[in-house]
Structure formats: structure tokens, C-alpha cells
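# Results of the structural survey
The residues making up each chain are set out below.
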Amino acid sequence: MSAAAEAGLRRILSVVDLLIDAVDEDTLVPALLPLLLGALPGDSIIWSPRPDPVHPLRTLPDDLLSQDVLDAFDRGWWCDSFVRHTRIGSGTPLRRSALQTPGEFHALPVYADVYRPFGAERQLAMSFPAGYAAGAPRRVSVVVSRDRSGSDFSDADVAAAHLLRTRLSRVLGRLAPPAPAPARDLVTRRESAVLGLLADGLTNQQIAHRLEISPRTVDKHLEHAYAKLKVAGRVAAANAWLMREAGPPPPGPDHAA
């Protein structure tokens, strides 16, 4: 192994060691960014979790992106195939040069207002699932940039990004809040039995007699079930329960594979 390859491996392992010991995202990410910028050598790095109202976008250097640059990016990112691949595509590690020539990159409407101001002439980006935020699936995008004086990212850099991507996704998923359970799974067995009889048209008295519990207990079970199913009454609860029990409808003629 060459000295350069050995040094690169040590930088990757330093990231892995940090991930192994991570206990929360707030302390992990500030320590992680400089190590990632060493493992995937560049002049700057952007860490962008989406959607996430708690953990904001971070950069190194800290003042990399002005508000004008962020606003211009929000207006025009959709026209950049490199960003689409990372933000809404598969997110596998990719060099910008694999999609665009320098001339094509410079011709993008966002180049002058977004990339040129912070010297992003060569870029390597990836994204990965990172648990949930506010009940929604979350993805983190990582973009490393080099200025005009640097060489393009190598195959070894892309391979290192692939290796780190899996580990980053696993650890961030572990640290993030768990996935919200479907309402059907949140309903207890007894609540399920009450809802089933409700959907069959039984009154609270009849449900209580059938399950050998008091009508007041039936009321409490229904009160809890309404909240879990996000409904406000008996009819809505019965309909919601029947739909969940039935599952998604089979594909019709227009939707058959």
C-alpha cells in the first residue's frame, strides 16, 4: 500500500471511529464535518438534513453560504441534474464531472449566484436515509467542494464516499427518533376488538356485553382509539378501521403491472 493510500485509509477510519462512539447528533456533526473533509479532501463541506426542523444545515467553513446564496439555491436547484440526483434521486456518491462538462456547469442558471460565490468548481455529493424527523423520513445530503485550483475528485474519493455512506446512514438512523408507528399498530388488542364490533354496528352496551366489560370501559377504549386514528366520532372511527383492516385496494385495470 502506498503512503498516500495508507493516509487515506487512516482518515476514513477516523470517521468510522467517531461514528462508533456517537451518542447524539448534536455533538456528532460538528466533530464529524472536519473528519469527513479529511476523508473526502476538499475546501468546503455542506451537511444538509431534510426535512428537519431541529437540526439545521451546517457547513465548514461555518460562514460558507450567505443568505443570498441560499435563497438563490432554493429558487433554482431543480435545474441542476447533479443536485436532483443527490436531493431526490438515489443519492449514491457522484462527481459533478460525471454528469456535466465544465461548460455545462458554468451555463447553469444557478452557477453565477450559487456556486461561483463560494468557489465550488469541483464537487462530490451523496445523500442517505437518516431516520425520521417530525414523523417524516429524513435524508442527509453531503456535498464536498474544491475550488478551481484543485484537481477533480478521484475514483478513490468516490469509493471512500460509498464506504462512509452506509455507515453514516446507519448511525444517523440510530441517533434519530424512531419511525412513527402506523395508527393501526398503536391500537391495543382490546381497542381493536372494540373497534371491530363498532364497525359491525353494535352499540356501546352491546359491545360491553359481548366483551364482558362495562360500558364505561368501552367509552374509554373508544376515546383512546379516536385519538390514535385521528378521528372525531363513531362513524369516522368505524370507517377508518374498516379501511385499515382492508389494506390498500388491489390495482384496477388501469393500474395493473
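Described below are features of the structure shown in this document. These numbers come from a predicted model, not from an experiment.

## Structural notes on the packing of aromatic side chains
Taken as a whole, this structure holds four aromatic pairs when the rule is applied. Aromatic pair Tyr115 and Phe118: ring centres 6.4 Å apart, planes at 50°, arrangement tilted. Assessed through its relative accessible area of 4%, Tyr115 is described here as buried. Three or more aromatic residues joined by ring pairs form one cluster here, namely Phe105, Tyr111, Tyr115 and Phe118. Over the ring of Trp77 we find Arg87, and its NZ or CZ is 4.5 Å from the ring centre.

## Section: the environment of Ala130
Of note, Ala130 is situated in strand E4 (residues 122–133). Here Ala130 falls in the buried class, since its relative accessible area comes to 0%. Every residue in contact with Ala130, bar those within four places of it in the chain, is listed here: Arg138, Arg139, Val140, Leu172, Gly173 and Ala176.

## Points about the pattern of salt bridges
If you walk through the whole model with that rule in mind, you get nine salt bridges. Two residues, Asp155 and Arg95, come together in a salt bridge whose shortest N-O distance is 2.9 Å. Of this pair, Asp155 sits in helix H7 (residues 155–175) while Arg95 sits in strand E3 (residues 94–95), and the two are 60 residues apart along the sequence. By relative accessible area, Asp155 is classed as exposed at 57%. Among the salt bridges present, the one from Arg146 reaches Asp157, with a minimum N-O distance of 3.2 Å. One end of the pair, Arg146, is in strand E5 (residues 136–146); the other, Asp157, is in helix H7, with eleven residues separating them in the sequence. Arg146 sits in the buried class, given a relative accessible area of 10%. Three or more residues are tied together by salt bridges with common partners; here these are Glu25, Asp52 and Arg138.

Reading the values: rules and limits
Residues numbered from 1 in each chain as written. Predicted model: local features only at pLDDT ≥ 70, side-chain atom pairs only at ≥ 80, totals over all residues. Heavy atoms only, no water. Phe/Tyr/Trp six-rings, centres within 6.5 Å; stacked < 30°, edge-to-face > 60°. Buried < 20%, exposed > 50% of the residue type's maximum accessible area, 1.4 Å probe, protein only. Lys NZ or Arg CZ within 6 Å of the ring centre and 35° of its normal. Helix = DSSP H or I, 4+ residues; strand = E, 2+ residues; numbered from the N terminus. Contact = heavy atoms within 4.5 Å. Salt bridge = Lys/Arg side-chain N within 4 Å of Asp/Glu carboxyl O.

The values are spatial; any link to function lies outside them.
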